[in-house]
Amino acid sequence: MRVLEFFKMKRWSGFVAGSLTGIAAALSCLAAEKVMGASGGFESCVSILVSLFNLDISRTVYFIRVKPPVADYQTLQFIGMIAGAFLAAKFSGDFKLRWFPDKVWLPLFGASRVKRLTALFFGCVLLQIGASIAGGCTSGLGITGVFLLSPAGLLFITGVFSAGIITALLIYGRKY
Amino acid sequence: MNFIIPVSVGFLFGFSLQKAGLGHYDKVVNQFRFRDNLMMQFMFSAISVGGIVYFAFSDIGFAGAQTLYLHNTYILGNLLGGAVFGVGMAVAGTCPGTILAGIGQGNLDYLSAGVLGFLTGGLIYGINFPFFLSLTQTGFYGKITWEGISGINHWALILLIAALSAVVYKFASAKRRIKS
């Protein structure tokens with residue numbers, strides 16, 4: 001009964017949820033010798049699509065050797081992530097089909113769907129390019145990289161927070 | 001290929017991200033505004049606990065060759081990539097992991113424009129790979145660790161990271177209270 005209530009809670013603290021994520025990240029290294037991450041999965045998806053449509057670019061070194069068109073470890077991890085988040089949201093009643101964020105975005109930027117989708121699109125383009133240059137994202141470099149004691153992890157976090165804070169200052173201005 | 005491990009790891013990760021609330025836009029952008037330190041709390045806990053679990057098992061021989069998965073350090077690329085990533089994160093209010101948590105909780109903007117953005121970004125990177133690769137050549141040190149550089153034992157280092165992150169978290173939370 002207690003266990004069920006724990007799973008039905010709307011929110012877990014960052015300590016609890018973060019600790020569980022840390023265990024998952026450590027397990028990934030120990031049991032599969034792979035890094036728990038997400039940006040690499042999107043790279044594989046691009047490679048699969050490029051090869052599916054038989055584009056000229058699919059015959060370059062990058063799409064043949066660096067990111068071959070196969071569903072790799074992180075791509076399979078996507079299935080688990082979406083399923084896990086879906087169940088978590090269902091348990092707590094947080095699941096809802098929504099087109100834009102009702103908190104912060106709606107009161108500040110209004111209910112324009114085009115505005116939200118445009119900002120999100122360009123933001124995500126930058127996220128993937130940045131992650132590919134750096135060699136990982138918030139989970140791969142920011143969590144696993146840091147606890148494996150790789151300097152790359154700390155360099156990445158420094159870059160993310162410096163640029164993120166400056167960008168937020170520019171976007172929110174007086175409302176920062 | 002074995003799919004049980006990646007799917008289970010992903011399940012635990014996605015479940016935790018959603019339960020923490022990180023599938024929501026406000027939780028991510030409010031970290032950069034220091035109005036909500038949830039993301040910091042989540043990441044610091046994951047780093048500290050992950051490191052302790054990892055080294056406890058690797059010390060008794062459970063981890064394979066670390067070179068198989070340890071990240072490459074290349075100063076310019078790690079920093080610059082992080083900066084580009086940070087701009088995107090503050091604009092989008094999500095990141096590659098939390099977008100999947102958001103999709104799982106029903107965010108249709110993430111599923112449409114978000115996924116399309118990630119695929120476009122990946123395509124731009126792939127097409128211009130020779131150029132982006134050149135960015136990783138400056139200050140390339142490969143698979144190094146703080147332990148190898150300093151000679152300090154990994155347990156001392158991971159406990160130092162845990163202690164430092166607790167201090168940073170306390171400091172950031174105190175500052176927020178003054179502001180609001």
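All figures in this text were calculated on a predicted structure; none of them were measured in a lab.

Caption draft 1: Spatial organisation of the domain arrangement of chain B. Domains assigned within chain B are domain 1 (37-53 + 149-180) and domain 2 (73-141). Placing a centre on the C-alpha atoms of domain 1 of chain B and another on those of domain 2 of chain B gives a separation of 24 Å.

Caption draft 2: Region of interest: the side chain of Ser-48 of chain B. Residues and elements named next belong to chain B. Secondary-structure assignment places Ser-48 in helix α3 (residues 38-59). Ser-48 sits in the buried class, given a relative accessible area of 13%. Leaving out residues up to four positions away in the same chain, Ser-48 has contacts with Ala-162 and Ser-165.

Caption draft 3: Inspection of the interface of chain A and chain B at higher detail. On the chain B side, the residues contacting the 119 residues of chain A number 118 residues. Across the interface of chain A and chain B, roughly 10300 Å² is buried in total on both sides, 77% from carbon and sulfur atoms. Its largest share of buried area at the contact with chain B, chain A owes to Leu-127, Ile-133 and Leu-149 of chain A, together 8% of the area lost on that side. At the boundary of chain A with chain B, the tally comes to one salt bridge. Close ionic contact of Asp-109 of chain B with Arg-116 of chain A constitutes a salt bridge, the shortest N to O distance being 3.0 Å. Inspection of the region where chain A meets chain B yields 34 residue pairs in polar contact (both at pLDDT 80 or more). Residue composition of the side of chain A that touches chain B, grouped by class: 79 nonpolar, 28 polar and twelve charged.

Caption draft 4: Structural view of the packing of aromatic side chains. Applying the stated rule across the entire model yields 30 aromatic pairs over all chains. Note on Phe-86 of chain A and Phe-95 of chain A: the rings are 5.2 Å apart at their centroids and 85 degrees apart in plane angle, and the pair reads as edge-to-face. The exposure class assigned to Phe-95 of chain A is partly exposed, which follows from its relative accessible area of 27%. By way of ring pairs, the aromatic residues Phe-6, Phe-7, Trp-12 and Phe-91 of chain A together with Phe-11 and Phe-15 of chain B are connected into one cluster. Taking the ring centre of Trp-105 of chain A as reference, the NZ or CZ of Arg-116 of chain A above it sits at 5.1 Å. One residue, Arg-33 of chain B, lies across the ring of Tyr-172 of chain A, its end atom 4.1 Å from the ring centre.

About the criteria used
- Residues numbered from 1 in each chain as written.
- Chains lettered and ligands numbered in written order.
- Predicted model: local features only at pLDDT ≥ 70, side-chain atom pairs only at ≥ 80, totals over all residues.
- Heavy atoms only, no water.
- Domains from an automatic or database assignment.
- Helix = DSSP H or I, 4+ residues; strand = E, 2+ residues; numbered from the N terminus.
- Buried < 20%, exposed > 50% of the residue type's maximum accessible area, 1.4 Å probe, protein only.
- Contact = heavy atoms within 4.5 Å.
- Buried area = accessible area lost by both parts, 1.4 Å probe.
- Salt bridge = Lys/Arg side-chain N within 4 Å of Asp/Glu carboxyl O.
- Polar contact = N/O pair within 3.5 Å; in protein donor to acceptor, adjacent residues only side chain to side chain.
- Nonpolar A, V, L, I, M, F, W, Y, C, P; charged D, E, K, R; others polar.
- Phe/Tyr/Trp six-rings, centres within 6.5 Å; stacked < 30°, edge-to-face > 60°.
- Lys NZ or Arg CZ within 6 Å of the ring centre and 35° of its normal.

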